[in-house]
Amino acid sequence: MSKLLNKPLRAFTLYALIILVLSIPAYYWVVDTIWLHEIDVHNKTVEGHIKDGFKKINLSSKQITDAINIWSQIQPGVKISPVQPNAIRQDSVYEVIRPNLYAQEVFERFRGRSTYFYIQGNPYHLSVETNVEETHETVIAIAVVTILFFFLLVVGFILLNRKIATQIWQPFKNTLNRLKSFDLNSHKTIQLAPSEIEEFEELNQALGKLIDNNIAVYNQQKQFTENASHELQTPLALLKAKIDLLLQDKSLNKKQLELITSLHTPLARVSRINKNLLLLAKIENHQYADEQTVYLNEILEENIEILVDYAANQQISIENPVEEPIIVKGNRHLLEIMLTNLLVNAIRHNIENGKIGITYQAPVLSIYNSGTHSLNKDTLFKRFASASVQSPNSGLGLAIVKEICNRYNWSITYTFTDNQHYFSITFQ
């Protein structure tokens, strides 16, 4: 995963590299064209001087021949030779690669000009050649300079990128840090620092409105759940008391007693749901803020002792071979509820003659039980969602376990392997 600013930096660097690579042949063509033009001007100037020189002096044929020979020795790049009138052609420019007169093993490029003129009425051919700078040397020089400037560009891009990132993106980092430290349960709104950059200021305003709305909705839902749970406690208790009084009425016949008795089951379920909702509301409200060092081994043994008869009625055995001390920090009451719900869940989703086991390999505590079908992982820890169609329930037990784990930043996972349900808690 790369940072945002590194992406345009890579694009700019690649673009600069492509442009600079393409500039090498462009530079070479421009320099070569200018150089050839200057050589052509030089050759034409030399041609003009030679022609004017022969026009201004009067020499005999022998003197002209001697002068041409002497000139050819003094100026090797100039060659004058007599021609027949029918051999005269138009002036032209040419290039030739041949050995250097001073270094025969080295082949060099020459730019020449071919022209014809008359000396005392006799036609002569004049060729003026000038050595052209080595092409590969020019290309190498241009490439070296280009690479040097490319590295300067890259270093400049990196330094400017870091400096710009530090200055421009500081408001974004401030906003991100505020968001990371924001806790919806803290009941405190978030204060985002103002920014001079228009886009970041718009982002801060949008985030501020979003967070304020979420806090308001969250507080309303939390208050409603807490109030509803509290308000339901009294009528449920009165209803249970009234039912108990009716059951003591000896004037009721058998059918009436059965009808009133049947009310106990749904009433107990509603009362349990109400208590669980109130517990969730208290956890979310951080009403269990006190923490202490807790030995989970003691809580496990106490819960197993309480639930062993309940499990035995369903022919389920509970094994607890864990001897290593399991020490965590948290609220003891919440940890008791967490382990109780996991053990009850292991009994509920077990099979006849099944077993429940407990393992601990620091920092992971696992509670497993026998089973035939995997639980629904999508709804396993959701409220009012049953994890299995074979054992329907209120769907709040595992939701409470998940909420307690979230409270202490622990992670809980579920797997189904070899006909065993595994619930594992990692104490971080």
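The following paragraphs examine the structure supplied in this document. (Residues numbered from 1 in each chain as written. Predicted model: local features only at pLDDT ≥ 70, side-chain atom pairs only at ≥ 80, totals over all residues. Heavy atoms only, no water.)

### Describing the packing of helix α7 (residues 264–284) against helix α10 (residues 397–407)
At a minimum axis separation of 10 Å, α7 and α10 run at an interaxial angle of 10°. One finds that α7 runs roughly parallel with respect to α10. On α10, the residues touching Asn276, Leu279, Leu280, Ile283 and Glu284 of α7 are Ala399, Ile400, Glu403, Ile404 and Arg407. (Axes fitted to C-alpha atoms, helices over the stretch in contact; angles between N-to-C directions. Helix = DSSP H or I, 4+ residues; strand = E, 2+ residues; numbered from the N terminus. Parallel < 35°, antiparallel > 145°, perpendicular 65-115°, else oblique. Contact = heavy atoms within 4.5 Å.)

### What about the environment of Leu342?
Along the chain, the position of Leu342 falls in helix α9 (residues 332–348). Owing to a relative accessible area of 3%, Leu342 belongs among the buried residues under this scheme. When the C-alpha positions of Leu342 and Ser181 are compared, they lie 31 Å apart, and in sequence the two are 161 residues distant. Leaving out residues up to four positions away in the same chain, Leu342 has contacts with Ile367, Leu398, Val401, Ile412, Phe423 and Ile425. (Buried < 20%, exposed > 50% of the residue type's maximum accessible area, 1.4 Å probe, protein only.)

### Side note on the packing of aromatic side chains
Overall, the coordinates contain six aromatic pairs when judged by the stated rule. Each ring, one from Tyr414 and one from Phe423, has its centre 5.0 Å from the other, and the planes form 45°; the classification is tilted. Both residues of the pair, Tyr414 and Phe423, count as buried. Clustering of aromatic rings is evident, with ring pairs tying together Phe381, Tyr414 and Phe423. The ring of Phe381 is capped by Lys402, whose NZ or CZ atom sits 5.8 Å from the centre of that ring. The cationic tip of Arg407 hangs over the ring face of Tyr408; the distance from NZ or CZ to the ring centre is 5.2 Å. (Phe/Tyr/Trp six-rings, centres within 6.5 Å; stacked < 30°, edge-to-face > 60°. Lys NZ or Arg CZ within 6 Å of the ring centre and 35° of its normal.)

### Observations regarding the pattern of salt bridges
Under the definition given, this model contains eleven salt bridges. When the shortest N-O distance is used, the salt bridge between Lys62 and Asp66 registers 3.2 Å. Residue Lys62 and its partner Asp66 are located together in helix α2 (residues 61–74), separated by four residues, close to a single helical turn. Overall, the relative accessible area of 60% leaves Lys62 in the exposed class. On the basis of relative accessibility, which here comes to 32%, the residue Asp66 falls in the partly exposed class. Each of the salt bridges in this network shares a partner with another, and the network as a whole consists of Asp32, Asp40, Glu95, Arg109 and Arg111. (Salt bridge = Lys/Arg side-chain N within 4 Å of Asp/Glu carboxyl O.)

### A word on the nonpolar core
Counting residues in hydrophobic clusters, the biggest one holds 47 residues, and the most contacted among them are Leu296, Met338, Leu342, Trp410 and Phe427. Listed by contribution, the elements that provide at least two residues to this core are α7, α8 (296–313), α9, β8 (355–361), β9 (364–370), α10, β10 (411–417) and β11 (420–426). The element that contributes the greatest number of residues to this core is α9, accounting for ten residues. Contact partners of Leu296, with chain neighbours within four places excluded, come to Ile326, Val328, Leu335, Leu339, Leu365 and Phe427. Membership of the second largest hydrophobic core comes to twelve residues, among which are Val46, Ile50, Val78 and Ile80. (Core = buried A, V, L, I, M, F, W, Y, C linked by side-chain atoms within 4.5 Å.)

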